[in-house]
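Residue-level listing of the chains:
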Amino acid sequence: MAARVQAALEARATLLVEAGTGKTFAYLVPALLSGLRVLISTGTRTLQDQLFHRDLPLLAAAIGRPARVALLKGRSNYLCLARLADVGRQAELLPAPADSQMPSASRPSVSQPVASLLEWALASRDGDLAELPELGDEHPWRSRLASTRESCSGNRCAEYARCHVFAARRAALDADIVVVNHHLLLADMALKEDGFGDLLPSADAVILDEAHQLPDLASEFFGISLSTRALELLLTDLKQALRFAGAHNAALARLARELPMELQRAVQGARAAIGADRQRYDPRAGERREGERHLAWQDLPAEAEASLQELQVTLDDLHGTLNELQGADPAIEPLLPRVAAHAGTLRQILQPEIAGARSASADARGVALRLLPYDIAERFGSYRRQTQAAWIFTSATLAVGENFAHFAGRLGLSDCQTLCLASPFDYARQGLLYLPRSLPEPAQPGYVEALMQAALPLIEAAGGGTFLLFTSHRALRQAAVCLAGTLAERLPLLVQGEAPRELLLRRFRASGNAVLLGSASFWEGVDVQGEALRLVVIDKLPFASPEDPVVRARIEYLQEQGENPFRDYQLPEAVLALKQGVGRLIRSESDCGVVMIGDPRLRARAYGRLFLASLPPMPITYESAQACERLAAQRPAQVA
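Residues numbered from 1 in each chain as written. Predicted model: local features only at pLDDT ≥ 70, side-chain atom pairs only at ≥ 80, totals over all residues. Heavy atoms only, no water.

**Observations regarding the overall build of the protein chain**
As a reminder of what qualifies: For the purposes of this entry, the term helix denotes a DSSP run of H or I that reaches at least four residues, the term strand denotes a run of E that reaches at least two, and both are numbered from the N terminus. Relative accessibility decides the category of a residue: with a 1.4 Å probe and only protein chains considered, values under 20% of the type maximum give buried, values over 50% give exposed, and everything between is partly exposed. We call two residues contacting when some pair of their heavy atoms lies within 4.5 Å. Per-residue accessibility takes into account occlusion by the displayed protein chains alone, with areas from the Shrake-Rupley method and a 1.4 Å probe.
Within the protein chain one finds 25 helices and 18 strands. When burial is assessed residue by residue, the protein chain has 52% of its 640 residues classed as buried. Taking the contacts inside the protein chain whose residues are at least 6 apart along the sequence as the reference set, 77% of them involve residues at least 24 apart. Summed over its atoms, the accessible surface of the protein chain is roughly 28,200 Å², and 51% of this surface lies on carbon and sulfur atoms.

This is the structure we're talking about:
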């Protein structure tokens, strides 16, 4: 892989590589040796930090090629010093969140958090909010203190010389290697299209790790969205600006009372019409709950259209009023482009003649509206060709079988080289795939209960150390109920949604005999090495639900284009997702265990052969006794 990456860098070619453990070093070494300016993009901030803080310094020292390396995150990860100056007023305007489920320890007070925040701000060199773990993504102050495009006044800001965002960008411009994430890379592409200029330095080469995430992420970034949460942040700023402006102007004082109320009524109307206020959300767990609704545009309640039109009128009226107030007070000026942007986004979403997949989602935090393009291949491919750079896409799951056509087609990569490398692990010795014979079809009533009955002997033979991976939250909860009465007294039962993901994983690793139930976020990016994990149970083949609004719209679009949505879209996406789930089991040369896939379609349907051909080459058994025997033999002594 390193040799092929080196050749691609020299030829400024595009290369797709599917490879397992070891691929990070295989692209970093040629990148360091190339002398080129290289942009490395990852799917997660965890891998981004690992590359910057550990892998790149280690390899640069080992091969004697020191390099100037910069870490660049999206602006919302950095403290805005101009907004920090307002922290006292923000603390007054930001009481405890309305969501009563947030622990009291997480709720902001005006004194102690302000003091600790100011102390950190004075000491921090980078202003990276990740340095403040207590200021998590759900903390109400984070969105008020982070840098945003809407609040940034660029070189007109009094804090420009000390700005953390621009300092990080300047460091990136001077670096040989810049480590970013896919969100920032795609945001840069979208902004370039809109003529806003580059967020990232121009590069000779772009290396994308965890590249399997790109097609869906690109669709989101090339689309548009508007949330009531964003409007509520605007509302808070509007109250603040008008209140202070009105302190010395009677006319503004009247508007300070009227304008926020009008916007607040319109936002609340949209929330209620789409059903956000009937949903549940647990901010401690940070997970989607059953109450979250995802609706195709044509399935919205009848009153939703009227409430959204009213919101559009309110935003337009607000923009007109603020425009008339220009010059009345400097605090009003930054609000104008924000109101205009939100009004313009909503107008596009509401215009049916603009092609794309429209959807709405609602939970207890609010409503989000989206308009996503059906196909981003031409836009992404065009951008890639314009850069004249080498592009390296790599992941453990890019190919269906050994065919990269699906991934390449979604991103418009028509002129690329490919390389599919077998896993370095000895799956014939380390793994076993168990396919039960007698389970019903997943759509039949009682399937989850039957699956748990089939899995119980394996869980007991393994003595825990089990991941149960589900394709839906509903199935996960049904399984949790089944197991609560049979396993909870003997083995620790960890259920997604009861605690944050990283906390559940720490408990799982520390326990050694736990049973963890997870859905989508546990299928990839989870690395449990050693004896703690020895059994992975997958409930069914991970076909995306055709009721999902975006999936449904894409299926209809492909049908209109004369294509076969199942063959060309749903099936390859499911194959890649299954590879991710199965890949949770063997993470090192010493790992051993069993993967159980309950779905009988894997054996009964013709497409099952494609799934099996894409999985690691493990021996297959249809006998529970053989799977139990293997697990019992591998069971750690401490849980025997």
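**Re the sheet that holds strand β1 (residues 14-18)**
To keep it simple, the criterion reads: Pairs of strands are assigned from DSSP output, requiring at least two bridges between the strands. Note on method: axes are straight lines fitted to C-alpha atoms, helices fitted across the in-contact stretch only, with angles between N-to-C directions ranging 0 to 180 degrees.
An order of β3-β4-β2-β5-β10-β1-β11 is seen for the 7 strands of this open sheet, with the pairing classed as parallel. This sheet does not close on itself; its edge strands, each paired only once, are β3 (69-71) and β11 (417-420). Adjacent strand axes in the sheet meet at a mean angle of 15° when their direction is disregarded. Relative to strand β2 (residues 38-42), helix α2 (residues 23-34) is tilted by about 160°, and along the sheet it contacts β2, β4 (177-181), β5 (205-208) and β10 (390-395).

**A word on the environment of Gly154**
Within the element layout of this structure, Gly154 appears in the loop between α7 (142-145) and α8 (164-173). With 12 residues separating them along the chain, Gly154 and Phe166 place their C-alpha atoms 8.8 Å apart. For Gly154, the residues in contact, after removing those within four places along its chain, are Tyr160 and Phe166.

**Observations regarding the nonpolar core**
The cut-off we apply is this: Among the buried residues, those of types Ala, Val, Leu, Ile, Met, Phe, Trp, Tyr and Cys that are joined through side-chain atoms within 4.5 Å form a nonpolar core.
Phe467, Phe508, Leu578, Ile597 and Phe611 are the most contacted members of the largest nonpolar core, which has 39 residues in total. Counting only elements with at least two residues in this core, the list comes to β13 (466-469), α20 (501-511), β16 (535-538), α22 (565-582) and β17 (593-597). Counting residues per element, this core draws most heavily on α22, at 6 residues. Dropping the residues within four chain positions of it, Ile597 is found in contact with Leu433, Tyr434, Leu435, Pro436, Ile538, Leu578, Val582, Leu602 and Leu615.

**Side note on the sheet that holds strand β14 (residues 493-495)**
One open sheet accounts for 7 strands, arranged β14-β15-β13-β16-β17-β12-β18; its pairing is parallel. Of all strands in the sheet, those bounded by a partner on one side alone are β14 and β18 (620-621). When strand β12 (residues 431-434) meets β18, the two strands line up parallel, connected through 2 bridges. When the bridges of β18 are listed, Leu433 appears paired with Ile620. Contacting β13, β14 and β15 (515-518), helix α19 (residues 473-484) runs over the sheet at an angle of about 155° to β15. Lying over the sheet, helix α25 (residues 624-634) contacts β12, β16, β17 and β18, oriented at roughly 150° with respect to β12.

**What to know about the pattern of salt bridges**
Put simply, the rule is: Salt-bridge detection follows one rule: a side-chain nitrogen of Lys or Arg within 4 Å of a carboxyl oxygen of Asp or Glu.
Applying the stated criterion across every chain yields a total of 25 salt bridges. For Glu502, the salt bridge identified is with Arg501, shortest N-O distance 3.6 Å. For Glu502, a relative accessible area of 41% gives the class partly exposed. One network of salt bridges, with partners in common, ties together Asp49, Lys73 and Asp128.

**Looking at the environment of His473**
Relative to the assigned elements, His473 resides in helix α19. The sequence separation of His473 and Ala520 amounts to 47 residues, and the corresponding C-alpha distance is 8.7 Å.

**Remarks on the pairing of β17**
For β17, the tally of buried residues reaches 5 of 5 residues, placing the bulk of the element in the interior. Of the two faces of β17, the one carrying Gly593, Val595 and Ile597 and the one carrying Val594 and Met596 are both buried. As paired elements, β12 and β17 share 4 bridges and run parallel to each other. Within the sheet, the bridge partner assigned to Leu432 lies in β17 and is Val594. Here β16 runs beside β17; their pairing, made up of 4 bridges, is parallel. Each bridged residue has a counterpart across the sheet, and for Leu535 the counterpart in β17 is Val594.

**Description of the packing of helix α21 (residues 549-560) against α22**
Packed helix pairs are characterised by how far apart their axes lie and by the angle those axes make with each other. Threshold: When an angle is under 35 degrees it counts as roughly parallel; over 145 it counts as roughly antiparallel; between 65 and 115 it counts as roughly perpendicular; any other value is oblique. We call a crossing left-handed when the near helix sits turned anticlockwise from the far one by less than a right angle, and right-handed when that turn is clockwise.
Interhelical geometry of α21 versus α22 gives an angle of 150° and a closest axis separation of 10 Å. Here α22 runs roughly antiparallel to α21, going by the angle between their axes. In the crossing of α21 with α22, the sense of the turn from one axis to the other is right-handed. Side by side, α21 and α22 meet where Val551, Arg554, Ile555, Leu558 and Gln559 of the first sit next to Pro565, Tyr569 and Gln570 of the second.

**Description of the environment of Ala389**
For Ala389, the location among the structural elements is in the loop between α15 (377-387) and β10. Among the residues examined, Ala389 registers a relative accessible area of 6% and is labelled buried. Distance from Ala389 to Arg37, taken between C-alpha atoms, is 9.9 Å for residues 352 residues apart in sequence.

**So, the packing of aromatic side chains**
The following threshold applies: Note on ring pairs: Phe, Tyr and Trp rings are taken, using the six-membered ring of Trp, and paired if centres are within 6.5 Å. Classes follow the plane angle, with under 30 degrees stacked, over 60 edge-to-face and the rest tilted. Only lysine NZ and arginine CZ atoms are considered, and such an atom sits over a ring when it is within 6 Å of the ring centre and within 35 degrees of the ring normal.
On inspection of all chains with the given rule, the structure shows 14 aromatic pairs. Ring centres 4.7 Å apart and planes at 5° place the aromatic pair Tyr374 and Tyr557 in the stacked group. Residue Tyr374 is located in the loop between β9 (366-372) and α15, and its partner Tyr557 is located in helix α21; the two are separated by 183 residues in the primary sequence. Classification of Tyr374 by relative accessible area gives partly exposed; the value is 27%. Put simply, the rings of Phe380, Tyr383, Trp391, Phe393 and Phe407 touch in pairs and so form one group of aromatic residues. Residue placement shows Arg169 over the ring face of Phe166; its charged tip is 5.3 Å from the ring centre. Stacked on the ring of Tyr569, the Lys or Arg Arg554 has its end atom at 4.9 Å from the ring centre.

**Quick word on the confidence of the model for the protein chain**
For clarity, the threshold we go by: Values of pLDDT, ranging from 0 to 100, describe the predictor's confidence in every residue of the model.
Chain-level pLDDT for the protein chain is 85 on average; 89% of the residues reach the 70-or-more range. Across the protein chain, β16 holds the top mean pLDDT of 98, while helix α5 (residues 87-93) sits lowest at 52. Confidence drops under pLDDT 50 across residues 92-111; counting only partners more than four residues distant or on other chains, this segment forms 32 contacts. Here residues 278-291 scores under 50 on pLDDT; set against residues more than four positions off or in separate chains, the count is 45 contacts.

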